[in-house]
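Analysis of the macromolecular model
The chain contents come next:
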Amino acid sequence: MKQGFFEIKTNNPIALNVYEMVLSGEDSAITSPGQFVNIKLNEEYLRRPISVCDYDEKNITIIYKVVGHGTEIMSKMKPGESLDLLLGLGNGFSTEESGETPVLIGGGVGVPPMFNLAKKLIQEGKKISVILGFNKRMKSFMLTNLKRLVQRFTLLLPMAR
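Let us look at the structure shown here.

**Here we look at the overall build of the protein chain**
For the protein chain, the count of helices and strands is three helices and nine strands. Relative to the globule expectation of 15 Å for 161 residues, the C-alpha radius of gyration of the protein chain, 16 Å, shows essentially globular dimensions. When its C-alpha atoms are laid out on the principal axes, the protein chain stretches across 45 × 40 × 25 Å. Out of the 161 residues belonging to the protein chain, those deemed buried represent 43%. Taking the intrachain contacts of the protein chain between residues at least 6 apart in sequence as the baseline, contacts between residues at least 24 apart amount to 65%. With 20 positive and 16 negative side-chain charges, the protein chain shows a spacing of 9 Å between the two charge centroids.

**Re the layout of surface pockets**
The volume enclosed by the largest pocket comes to roughly 160 Å³. As for the largest pocket, its lining consists of F5, K40, L41, N42, E43, I73, M77, E81, S82, L83 and D84. Counting residues per element, the lining of the largest pocket draws most heavily on strand β6 (residues 82-89), which supplies three residues. Here the lining of the largest pocket is built from residues that sort into five nonpolar, two polar and four charged.

**So, the sheet that holds strand β9 (residues 152-156)**
The parallel open sheet is built from three strands, whose spatial order is β7-β8-β9. Of all strands in the sheet, those bounded by a partner on one side alone are β7 (103-107) and β9. With strand direction ignored, the average angle separating the axes of adjacent strands in the sheet is 15 degrees. Pairing of strand β8 (residues 129-133) with β9, which is carried by five bridges, proceeds in the parallel orientation. Across the sheet, the residue bridging to V130 is F153, located in β9. Here helix α2 (residues 112-123) sits on the sheet and contacts β7 and β8; the angle it forms with β7, its principal contact strand, is near 170 degrees.

**So, the sheet that holds strand β5 (residues 59-65)**
Pairing in this closed barrel of six strands is antiparallel, and the strands run β1-β2-β5-β4-β3-β6 around the ring. Neighbour-to-neighbour, the strand axes of this sheet turn through a mean angle of 45 degrees, independent of strand direction. The strands touched by α2 are β4 (48-55) and β5; relative to β4, the strand with the most contacts, the crossing angle is about 30 degrees.

**Some details on the pattern of salt bridges**
When the charged atoms of two side chains with opposite charge come close together, those side chains can pair. In this structure the tally under the stated criterion is seven salt bridges. Notably, a salt bridge pairs E7 with K9, separated by 3.8 Å at the nearest N-O pair. A relative accessible area of 35% places E7 in the partly exposed class. Since its relative accessible area comes to 39%, K9 is described here as partly exposed. Residues E72 and K76 are paired through a salt bridge, measuring 2.9 Å at the closest nitrogen-oxygen approach. Relative accessible area serves as the criterion here: at 53%, K76 is assigned to the exposed category.

**Points about α2**
What α2 keeps buried is the set P112, P113, M114, F115, N116, L117, A118 and L121. Buried residues belonging to α2 abut β4, β5, β7, β8 and α3 (143-149). Positive phi shows up at G125, right after α2, with a value of about 85 degrees.

About the thresholds
Residues numbered from 1 in each chain as written. Predicted model: local features only at pLDDT ≥ 70, side-chain atom pairs only at ≥ 80, totals over all residues. Heavy atoms only, no water. Helix = DSSP H or I, 4+ residues; strand = E, 2+ residues; numbered from the N terminus. Rg over C-alpha atoms; globule rule 2.2 N^0.38 Å. Buried < 20%, exposed > 50% of the residue type's maximum accessible area, 1.4 Å probe, protein only. Contact = heavy atoms within 4.5 Å. Lys, Arg positive; Asp, Glu negative; His and termini not counted. Charge placed at Lys NZ, Arg CZ, Asp CG, Glu CD. 1 Å grid on protein atoms, 1.4 Å probe; cavity = no way out; pocket = protein on both sides within 12 Å on 5 of 7 lines; lining within 4 Å. Points joined across faces, edges and corners; volume = space filled by probe spheres on them. Nonpolar A, V, L, I, M, F, W, Y, C, P; charged D, E, K, R; others polar. Pairing = 2+ DSSP bridges. Axes fitted to C-alpha atoms, helices over the stretch in contact; angles between N-to-C directions. Salt bridge = Lys/Arg side-chain N within 4 Å of Asp/Glu carboxyl O.

Structure (structure tokens):
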């Protein structure tokens, strides 16, 4: 675990009440897909745990849903502002026992950590399938990003009544 200050590069809505935030800073504590960060907001007592969607040498991408006061504060933050993060939290995903054709299944805010996992599995030469589920099409996100990565992609939505 490491504490660091990160600058907000972007903070944009990508679906109904869902935002993508790109943060710039030293992120060497993130070592595997599936880890998360804890974000301190000045106005709030507790930190907000948010899974890491993607990361590289200089940036972390998180996707979060506005569900309360803290994430509402985050949704109004602008590029150039900074956030205090605890990062490198959680064990992340191991790809050792994934086999040659793993299937990734997720929905809602469970989708973002699958993105970097999918990238890692593909780098390992595996042929992955992705199945995503959302309550409504207008609440879906990351479809294009994941479709570009994988050969087999399925989207599940509830049937209209």
